[in-house]
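What follows is each chain in one-letter form.
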Amino acid sequence: VDQAEATPTLDPTGWVDAHGDYLYRFALARLGSPDAAEEAVQEALMAGLAARRRFEGRATERTWLTAILKRKVADALRAAARRRARTVLGDDRLTDGQFRRSGKWHQPPDGDADPLSVLTGAELRAAVFDCLGRLPPRLREVIVSRYLDDRPAEAVGRALGVTAGNLWVLLHRGRLRLWRCLADGGHTDPGDGP
Amino acid sequence: MITCRRAAELTSRSLDGRLSLAQRALLRLHALTCGGCRRYGDQLRRLHRVLARLVATTAPAGPGLPPAARERLRAAVRRRAGGG
């Protein structure tokens, strides 16, 4: 695999074997659905084939294909966001359920049970990706766009077609659900509720 | 005095660099008297750093292409590459 990554030539017939797993994981982490991930990878490979004469060898084959895939994933996220653009931001049972009517925590955050200070390395990554994959699609899009694609909040709002005010709410809900899921060791399903 | 619910919202917003002076003051004042929100703030900032670090990593962990998908993709590339 490292050999393939280092070779600045294009061999389309070997793309799926050399880079398929990498590209698929990249897309799956961002889109959350195996079907959508496969579709994005296929579109990226087809676009790569069509454009392969323009490949100049400045990047590795994998970097080049990943850049194409990134655009396909962004298209898929935008399309999904457009389908939901008219959805009014409703209540969120899980977020609201953390607080009493008075606005105080039902169960105040506990310093001893913070998984982020206990887990490390691959274990922590696996836990975060597990909880990320279980977020409701809308919240996952927002969190993924903000972090995995490393965009400032304003750019996330523009890309997903949400107003700044709604974006703060979505980021807050996404983070709170991730935090709750991690704190409970994955026992709280962060996808519960609307 | 703001509630824990509001403090949690402001804590999240602070990670995106969007708090006014007044909001910062309200959040600090609340955290002075609320251990739960102080811990939430610490843990959320840690989560923020962990998520930001994931950016730097290469492909995420997890299973690769399912065998059937691999076959479909191979076939698609062969068709397209062969055809031109």
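Here the structure is shown first, and the text comes after it.
Let us look at the structure shown here. (Residues numbered from 1 in each chain as written. Chains lettered and ligands numbered in written order. Predicted model: local features only at pLDDT ≥ 70, side-chain atom pairs only at ≥ 80, totals over all residues. Heavy atoms only, no water.)

Let us now look at the overall build of chain A. Tallying secondary structure elements over chain A gives ten helices and zero strands in all. The buried share of chain A, taken over its 194 residues, is 47%. Within chain A, residue pairs in contact and separated by at least 24 positions form 68% of the contacts whose partners lie at least 6 positions apart. Surface exposure of chain A reaches about 9500 Å², of which carbon and sulfur atoms provide 49%. (Helix = DSSP H or I, 4+ residues; strand = E, 2+ residues; numbered from the N terminus. Buried < 20%, exposed > 50% of the residue type's maximum accessible area, 1.4 Å probe, protein only. Contact = heavy atoms within 4.5 Å. Areas by Shrake-Rupley, 256 points an atom, 1.4 Å probe, with all protein chains shown as cover.)

This part covers helix 8 (residues 137-148) of chain A. Residue and element names in this part refer to chain A. Of all the twelve residues making up helix 8, eleven are buried; the element is thus mostly covered by neighbouring parts of the structure. All of the buried residues along helix 8 are Arg138, Leu139, Arg140, Glu141, Val142, Ile143, Val144, Ser145, Arg146, Tyr147 and Leu148. One or two steps after helix 8, the chain reaches Asp150, where phi turns positive at roughly 50°.

Here the focus is the environment of Arg79(B). Residue and element names in this part refer to chain B. With respect to the element layout, Arg79 can be found in helix 4 (residues 67-83). Overall, the relative accessible area of 60% leaves Arg79 in the exposed class. Along the backbone, Arg79 and Arg28 are 51 residues apart, and their C-alpha atoms lie at a distance of 62 Å.

Residue and element names in this part refer to chain A. Considering the arrangement of structural elements, one finds Thr95 in helix 5 (residues 93-96). Residue Thr95 is classed as buried on the basis of its relative accessible area of 5%. Residue contacts for Thr95: discarding those within four places in its chain leaves His172, Arg173 and Leu176.

What follows concerns the pattern of salt bridges. Under the counting rule described, the total for this entry stands at eleven salt bridges over all chains. A salt bridge links Asp16(B) to Arg146(A), with the shortest nitrogen-to-oxygen separation between them at 2.7 Å. Of this pair, Asp16(B) sits in the loop between helix 1 (4-14) and helix 2 (21-33) while Arg146(A) sits in helix 8, each in a different chain. Measuring nitrogen to oxygen at the nearest pair gives 3.0 Å for the salt bridge that ties Asp16(B) to Arg175(A). Taken together, the positions of Asp16(B) in the loop between helix 1 and helix 2 and Arg175(A) in helix 10 (residues 164-183) put the pair across two chains. (Salt bridge = Lys/Arg side-chain N within 4 Å of Asp/Glu carboxyl O.)

The next point concerns the interface of chain A and chain B. Contacts between the two partners involve 52 residues from chain A and, on the opposite side, 44 residues from chain B. Both faces combined, the contact of chain A with chain B buries some 4700 Å², and carbon together with sulfur accounts for 65% of it. Seen at the junction of chain A and chain B, the total is seven salt bridges. Counting every contact that joins chain A to chain B gives 16 residue pairs in polar contact (both at pLDDT 80 or more). At the level of elements, helix 2 (15-31), helix 3 (34-50), helix 6 (115-118), helix 7 (121-133), helix 8, helix 9 (153-160) and helix 10 of chain A are the ones that each hand at least two residues to the side of chain A that touches chain B. The greatest single-element share of the side of chain A that touches chain B, amounting to nine residues, is contributed by helix 2 of chain A. Per-class residue counts for the side of chain A that touches chain B are 28 nonpolar, eight polar and 16 charged. (Buried area = accessible area lost by both parts, 1.4 Å probe. Polar contact = N/O pair within 3.5 Å; in protein donor to acceptor, adjacent residues only side chain to side chain. Nonpolar A, V, L, I, M, F, W, Y, C, P; charged D, E, K, R; others polar.)

Ranked by size, the top nonpolar core spans 75 residues in total, and within it Leu45(A) and Leu69(A) carry the most contacts. For Leu45(A), the contacting residues outside a window of four places in its chain are Trp15(A), Val16(A), Leu23(A), Leu65(A), Leu73(B) and Val77(B). (Core = buried A, V, L, I, M, F, W, Y, C linked by side-chain atoms within 4.5 Å.)

Next up on the list: helix 2 of chain A. Residue and element names in this part refer to chain A. Here helix 2 is 17 residues long, yet its end C-alpha atoms lie only 21 Å apart, well below the 24 Å a rise of 1.5 Å per residue gives. Along helix 2, the largest kink reaches about 35° and is centred on Asp21. Within helix 2, 13 of the 17 residues are buried, which leaves the element mostly enclosed by the surrounding structure. Downstream of helix 2 by one or two residues, Gly32 has phi in the positive range, about 80°. (Expected span 1.5 Å × (residues − 1). Bend = angle between axes of the 7 residues up to and from the residue.)

Purely geometric stuff here, so don't read any function into it on its own.
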